[in-house]
Amino acid sequence: MLSSIEATAEALAREAYIADPGLCTSLFLALRMGKALLLEGEPGVGKTEVAKVLARVFDTTLIRLQCYEGIDVAQAVYEWNYPRQLLALQTRHDGAEPEEIYSERFLLKRPLLQAIDAANERAPVLLIDELDRADEEFESFLLELLSDFQISIPELGTLRARHRPIVIVTSNRTRELHDALKRRCVYHWIDYPGPEKELEIVRRKLPGVGERLAAQVVAFVQATRRQDLAKPPGVAETLDWAEALTHLSAHELSPALVDATLGMILKYQDDVDTLRGAVAAQILAELK
Amino acid sequence: MGDDAFLKNILLFARTLHRVGVPVGLDQRLDLLRALAWVKLGSREQVYHTCRSMLVSSREQLPVFDMIFSRFWRRQLPEAPRRQTMPRAPRHRSHEQPFTIVTYMAFKARLGDEPIDVADKAGTYSPAELLQRKEFSALTPEELQRVRQLIQRLDWRVGQRVTRRYAPRRRGERLLMRQVVRDAARHGGVALRLPRQQRKRKPRPLVIIADISGSMEKYSRLLLQLSYSLARRLTRVECFVFGTRLTRITPQLRLRNVDRAIDQAARAVVDWGGGTRIGASLHSFNRRWARRVLGRGAVALVISDGWEHGDPQLLAREVRALQRRCHRLIWLNPLAGRTGYAPRAAGMAAAARYIDDLLPVHNLQSLEALAARLAALGDKVTR
């Protein structure tokens, strides 16, 4: 149990995650109040990372539910193992009692049920990733789950969590989540990091990258975010680029090198066309 | 400051936030009071972050929150802060006389246009048929009211798309395994019935982007009425208006007064001397909103005459980008109703090839055609 905002920051830092005071506060309060933490932000700013780091901090399993449009109870919670059930019904040993096909042996436990499984020794971290991709029906189902942490399976009964999981919900904001869900969670918007913080992240995650290259990469990416792009690069892209350049044995950026590797940070051809050549050279010149 | 006074101020701060449009419920205030017990009240930074975590529930609220927080905690209580761009809650709005399109048209009519009397053409078409064909710009206020009612009564529906959810259906493409096994359990392992399921269908969301500058305003006012008819049919509708800038008016339209919503928006986006910047407005839409509202196979409806004061190439690029991101791009142009119309204005000419359906919108008949087009949109993209 983390006792204060400072303790939270320290625990995260020990696992190489640098969080700003706002995120530490939201995380601390969410844990303390037993509420889920809802992280919204552009893709690639480290929302999913938070859950992974938390699992390490609390030395527990990370259970991940990846949402998509149309996800429903069968994929998210449980499904009966129909082939096994049919087989059990059809192969009967003479004289023996027919096997109870609605028992745990025939239950396929999906992430949400895994998270509240009473067999868990300690509270797991439950990551509900990209909830905005799921539809509203699923959202209302989730809302119920987040309040009681119990699941009713008609043939089996109600299963309750012995240890309430630590819940992190992420959203890329391709649609607005409902107010009711936002109120059930502690909401936090994650922005792109500032230059010092991003440089610190590169240093920690990629210790082998040269100092000069790291500084230039970070400065360049920070500058591209100020351009009018369809999809500005996230922190993940910065790290990929730095790593790629290291593999190419580069020690500093040059216009030719930037043009050749622009695809590592920009994922839309329109954006690449906008930046490649003159604009990229201009940004590079301003860095020096 | 004693703890008691401090907590009183916190609640006052929460109430102030609520008044300027950041919704702060009772449960959030209680949570905030709980949370403050665990942080250092003397640290402004910790108090700031705690308030922010507990009271803010969307990114748009952050700038308002910051502003109110810094003004509030400067040790002087401000009088009711100036309202930001958030709409006021219904109970705070004053009840003025609405400026409706009827009074607007009457005003315009007084300026010199001869109101054409429908009865004059008796003998050729019936009054109802005449109303169908009459140009919107030539309607008298009474006729305009009638047309408005007729618009509401048209069968507005947007074509459906296939979702990824299943529902039981007799001739469905997949088996409903849960029921199959249950049936088998009853009959010693052999299922006697095979219930099936099929993918559910949902109406496509509709996004309306309407030009409200100059002469386009009256057409847009009429067409934005669509949003009610569609909302009743469970279609999601998002409405945006533009002149030299773009703004979203979906929440204001829900308060049921189209004219007031447009008047308010017009103050922000229409530059009376600046003409229309369709390209720049669409660019703004594509950057800030497209990703959020065009998902789920949406249909985009742009209402504009295409007279662009900005760069026509920019317009073409943005129309192309919009077309790529939606299921179907329908452009409504009142000029397209004139016989012999071909897109010649620089803006329309450049953008025309990226438009799926360029339709007129000058009279009731054209709107019926539009309704039919919307209802007929199918599953597949046919371009």
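Conventions and cut-offs
Residues numbered from 1 in each chain as written. Chains lettered and ligands numbered in written order. Predicted model: local features only at pLDDT ≥ 70, side-chain atom pairs only at ≥ 80, totals over all residues. Buried ≥ 20, exposed ≤ 12 C-beta atoms within 10 Å, placed from the backbone. Helix = DSSP H or I, 4+ residues; strand = E, 2+ residues; numbered from the N terminus. Pairing = 2+ DSSP bridges. Domains from an automatic or database assignment. Contact = placed C-beta atoms within 7 Å. Nonpolar A, V, L, I, M, F, W, Y, C, P; charged D, E, K, R; others polar. Axes fitted to C-alpha atoms, helices over the stretch in contact; angles between N-to-C directions.

**Some details on the pairing of strand 1 (residues 36-41) of chain A**
Residues and elements named next belong to chain A. Taken across its 6 residues, strand 1 has 5 buried, putting it largely inside the fold. When strand 1 meets strand 9 (residues 185-190), the two strands line up parallel, connected through 6 bridges. Residue pairing for strand 9: Ala-36 is matched across the bridge by Cys-185. Both strand 1 and strand 8 (residues 166-171) contribute to a ladder of 4 bridges, which runs parallel.

**Describing the domain arrangement of chain A**
Reports of interface size often rely on the accessible area that becomes lost once the parts have come together. All names here are of chain A. Parsing chain A into structural domains produces domain 1 (5-190) and domain 2 (195-278). Of note, the centres of domain 1 and domain 2, computed from C-alpha atoms alone, are 34 Å apart. Contacts between domain 1 and domain 2 engage 7 residues on the former and 9 residues on the latter. A class-by-class count of the residues in the side of domain 1 that touches domain 2 yields 4 nonpolar, 2 polar and 1 charged.

**Some points on the pairing of strand 3 (residues 196-203) of chain B**
Residue and element names in this part refer to chain B. Of the strand pairs in this sheet, strand 1 (residues 160-168) and strand 3 are connected by 6 bridges, and their pairing is antiparallel. Directly across from Ala-167, in strand 3, lies its bridge partner Gln-198. Judged from the 2 bridges that link them, strand 2 (residues 174-175) and strand 3 form a sheet pairing that is antiparallel. Pairing of Arg-174 across the sheet is with Gln-197, part of strand 3.

**Some details on the sheet that holds strand 4 (residues 206-211) of chain B**
Residue and element names in this part refer to chain B. In space, the 6 strands of this open sheet follow the order 6-5-4-7-8-9, with mixed pairing throughout. The open sheet has two edge strands with one neighbour each: strand 6 (246-248) and strand 9 (357-359). Ignoring strand direction, the axes of neighbouring strands in this sheet form an average angle of 20°. Bridge count for strand 4 against strand 5 (residues 237-242) is 6 bridges, and the pairing is parallel. Across the sheet, the residue bridging to Ile-208 is Cys-239, located in strand 5. The sheet strands contacting helix 9 (residues 216-224) are strand 4, strand 5 and strand 7 (299-303), and the helix crosses strand 4 at an angle near 155°. Packed onto the sheet, helix 13 (residues 278-288) meets strand 4, strand 5 and strand 6 and runs at close to 40° relative to strand 6.

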